Amino acid sequence: MQEKYDVIVAGAGLSGSLAAAMAAKGGAKVLMLDRNKQPEVGKKTNWGWTCGDAVAQSHLTYIKDHSGLTFGKPELDMKVDGVVALSPDMKSRFLFDGEGYVLDRPAFEQKLLQLAIKEGVEYVSEFEVEAPLIENNYVVGIFGKDKEKAHKEVRAKIVIDALGIATTIRRKLPQNPFVDKEVDINDVESTGRFIYEFELDHEDLNYYDPKNAIIHLNQHWAPGGYGWVFPKSGNKVNIGLGVQRRSLEIRNQKLNTKATLHSLIDDYCKLNPAIKNYKLFNKDNNGKGYWSVAVRRQMASLVYNGYMGAGDSMAMPNPISAGGIGPALVAGILAGEHAALAVQNGDVSTEGLWKYNLDFNKEYGYKTAGLEVFRVYLQSLNNDLLNYGMKTFVTAKEATDLSYGVVPELSMAGKFKVMMQGVQNISAFSNLLYVVKKMKVLNQLYADYPKSTKEFEKWRSAVDAHMEEAKEKFKPNPI
């Protein structure tokens, strides 16, 4: 490694490799650091890449349009028609997200790494980034240890933080009004998943669908989250679930149990009647893993002086589905492009990097605050209300719109049905109307995202006030 670069990218995962590639393509001198060995690039934990590994075709098209990179076998392991969300009683099915793929994640990460190297990125593996270097309230590089455990300082005009949810860079930034240093524990879901080889016992599309990724909404099975069954090639499946800690605590108290994430996943796999004789498929030591994912809107700002963030480090996963691959890919492309432009313009201040905020908001982030409110609302519903609501409150199109962050006009027919029901259901429906109204307000606020730093604090205060009001109104209530 040399002493000075235009851009340092910390983390060679999905967003990191793309950010490095695009910054180098834009003419910047780029160093990318990753804690893993090269064959394990992008690996999240000692367990593996720990993810549902599903991505929509639209996000792959986005990469192709911006970088020219295309994908095929083996990294695109299994094509699916979409994602099917099922009510707890399995009687309501909503299809959303459209055509996509379940990835061979290690192969996909390798392809992105090779793109970065091809574009001229200097890649250093087995380097542990420990903290940012700060001078005069600017990030001017990073501090860490190489594979010999020797301490190193490396400097750059811009540092792109792609270290993931537990990033040591964001959490050690100077106190500032732009980028949150911490993520609230109630906005985090603990997740785990297995990759199994199995035999099909019998066809049951509620539990295994070779053409669709399945999501189970069920507060008993996955309090505050959901379970998933995503098909993979060769009679393999990616199966797992995510839970919110507070919802799990309430579930255990009310049912007088001591369930944990681990025990819930084990039970979830055992109750699936469609798969039998399943055994761990541990290729690349990736068969079993646990991790955490943020399910909130992305950081209010993705930039600070000399600093940019992308992917999980900026809490970018979809607040409803916890899907983080798509936004990470989009953010990686944009962060790299804007880093190169800022270097060329000679302005790496918060103001000089601000357009990255605007472009990510336009491409993906505009909907996430509204989706966060909807996620908080869903976590306040027990299984009975989820069943009734998915059957009565919304049409399939309205449910699909909500999953995309598009706020529907709820049908008068649905309202009339509710008025004929009991008080509890009327209350639940009025709460949904409140959520839809709040989503509209937040979507409008993000449509008016501040064009510069000068209007930012006033805008952020308005967003925070609406979010706090919703969270105060809707508390976790899984049972």
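Reading guide: rules and limits
Residues numbered from 1 in each chain as written. Predicted model: local features only at pLDDT ≥ 70, side-chain atom pairs only at ≥ 80, totals over all residues. Heavy atoms only, no water. Helix = DSSP H or I, 4+ residues; strand = E, 2+ residues; numbered from the N terminus. Rg over C-alpha atoms; globule rule 2.2 N^0.38 Å. Buried < 20%, exposed > 50% of the residue type's maximum accessible area, 1.4 Å probe, protein only. Core = buried A, V, L, I, M, F, W, Y, C linked by side-chain atoms within 4.5 Å. Pairing = 2+ DSSP bridges. Axes fitted to C-alpha atoms, helices over the stretch in contact; angles between N-to-C directions. Contact = heavy atoms within 4.5 Å. Polar contact = N/O pair within 3.5 Å; in protein donor to acceptor, adjacent residues only side chain to side chain. Phe/Tyr/Trp six-rings, centres within 6.5 Å; stacked < 30°, edge-to-face > 60°. Lys NZ or Arg CZ within 6 Å of the ring centre and 35° of its normal. Expected span 1.5 Å × (residues − 1). Parallel < 35°, antiparallel > 145°, perpendicular 65-115°, else oblique. Nonpolar A, V, L, I, M, F, W, Y, C, P; charged D, E, K, R; others polar. Left-handed = near helix turned anticlockwise from the far one by under 90°. Salt bridge = Lys/Arg side-chain N within 4 Å of Asp/Glu carboxyl O.

On to the overall build of the protein, then. The helix and strand tally for the protein stands at 13 helices and 19 strands. A compact globule built from 479 residues should have a C-alpha radius of gyration of about 23 Å, and the protein, at 22 Å, falls within 12% of that. Seen through its C-alpha atoms, the protein measures out along the principal axes to roughly 70 × 55 × 40 Å. Counting over 479 residues, the protein shows a buried share of 62%.

So, about the nonpolar core. With 131 residues, the main nonpolar core has Val7, Ile158 and Tyr356 as its most contacted residues. Sorting elements by how many residues they give to this core places helix 6 (residues 325–345) first, with 11 residues. In this structure, Val84, Trp221, Ile239 and Leu241 belong to the second largest nonpolar core, which totals 26 residues.

Before going further, it helps to examine the sheet that holds strand 4 (residues 76–80). On the basis of which strands lie adjacent, the open sheet formed by three strands has the order 3-7-4 and antiparallel pairing. Where the open sheet ends on each side, the last strands, each with one partner, are strand 3 (54–56) and strand 4. The sheet shows a mean angle of 30 degrees between the axes of neighbouring strands, direction not considered. Here three bridges tie strand 3 to strand 7 (residues 100–103), and the two strands are oriented antiparallel to one another.

Locating Ile195 in the fold gives a position in strand 12 (residues 188–200). Taking relative accessible area as the criterion, Ile195 reaches 5% and is therefore assigned buried. For the pair Ile195 and Lys283, spaced 88 residues apart in the sequence, the C-alpha separation amounts to 9.3 Å.

Moving on to the environment of Asp201. Residue placement: Asp201 occurs in the loop between strand 12 and strand 13 (212–216). Assessed through its relative accessible area of 41%, Asp201 is described here as partly exposed. C-alpha of Asp201 to C-alpha of Pro88: the two residues are 113 residues apart in sequence and 22 Å apart in space. With near-sequence residues (within four places) excluded, Asp201 lies in contact with Pro273, Ala274 and Lys276. Within the structure, Asp201 has its side chain in polar contact with the side chain of His202 (distance 2.6 Å).

Another point: the packing of aromatic side chains. Enumeration according to the criterion identifies 19 aromatic pairs in this entry. On the numbers, 4.7 Å between centres and 65 degrees between planes, the contact of Tyr449 with Trp459 is edge-to-face. With a gap of 10 residues between them, Tyr449 in the loop between helix 12 (423–447) and helix 13 (456–473) and Trp459 in helix 13 connect regions that are remote in the sequence. The exposure classification of Tyr449 matches that of Trp459, with both residues buried. Among the aromatic residues, those joined into a ring-pair cluster are Phe178, Trp354, Tyr446, Tyr449, Phe456 and Trp459. The ring of Tyr5 carries Lys29 above its face, with NZ or CZ at 5.3 Å from the centroid.

What follows is about helix 1 (residues 14–25). Between its terminal C-alpha atoms helix 1 stretches 17 Å, which fits the 16 Å expected from 12 residues at 1.5 Å a residue. Most of helix 1 sits inside the fold, with 11 of its 12 residues counted as buried. Listed as buried for helix 1 are Leu14, Ser15, Gly16, Ser17, Leu18, Ala19, Ala20, Ala21, Met22, Ala23 and Ala24. Structurally, helix 1 contributes buried residues whose contacts are with strand 1 (4–10), strand 2 (30–33), helix 2 (57–67), helix 3 (105–118), strand 11 (151–161) and helix 6. Just beyond helix 1, the residue with positive phi is Gly27, at close to 105 degrees.

Attention now goes to the packing of helix 8 (residues 368–378) against helix 13. Where helix 8 contacts helix 13, the two axes come as close as 9 Å, and the packing angle between them is 10 degrees. Viewed along their axes, helix 8 and helix 13 adopt a mutual orientation that is roughly parallel. Each of Ala369, Glu372, Val373 and Val376 in helix 8 lies in contact with helix 13, whose residues at this interface are Met467, Ala470 and Lys471. For the contact of helix 8 with helix 13, the residue count by class is five nonpolar, no polar and two charged.

A word on unusual backbone geometry. The residue after Lys73, namely Pro74, is reached through a cis peptide bond having omega 5 degrees. Among the structural elements, Pro74 can be located in the loop between helix 2 and strand 4. One non-glycine residue with positive phi stands out, namely Glu126, at about 55 degrees. By secondary structure assignment, the location of Glu126 is in the loop between strand 8 (122–124) and strand 9 (128–135). With a phi close to 55 degrees, Asn136 is a non-glycine residue in the positive phi region. With respect to the helices, strands and loops of the structure, Asn136 is situated in the loop between strand 9 and strand 10 (138–145). Under the relative-accessibility criterion, Asn136 is labelled exposed at 75%.

Attention shifts here to the packing of helix 2 against helix 6. The interhelical angle for the contact between helix 2 and helix 6, taken along N-to-C directions, is 15 degrees, at an axis separation of 9 Å. Judged by the angle between their axes, helix 2 and helix 6 are roughly parallel. Remark: the crossing between helix 2 and helix 6 carries left-handed chirality. Of the residues in helix 6, those touching helix 2 at His59, Tyr62, Ile63, His66 and Ser67 are Gly326, Leu329, Val330, Ile333, Leu334 and Glu337. Among the residues making up the contact of helix 2 with helix 6, the classes are represented as six nonpolar, four polar and one charged.

Here the focus is the pattern of salt bridges. For the structure on display, the rule yields 25 salt bridges. With a shortest N-O distance of 2.9 Å, Lys471 and Glu372 are connected by a salt bridge. On the criterion of sequence distance, the pair formed by Lys471 in helix 13 and Glu372 in helix 8 is long-range, its members being 99 residues apart. We note a salt bridge from Glu472 to Lys475, for which the minimum N-O separation is 3.5 Å. In this structure Glu472 comes out as exposed when scored by relative accessible area, which is 57%. Linked through salt bridges whose partners overlap, the residues forming this network are Asp180, Asp187, Arg296, Arg297, Glu372, Arg375, Arg460, Asp464 and Lys471.

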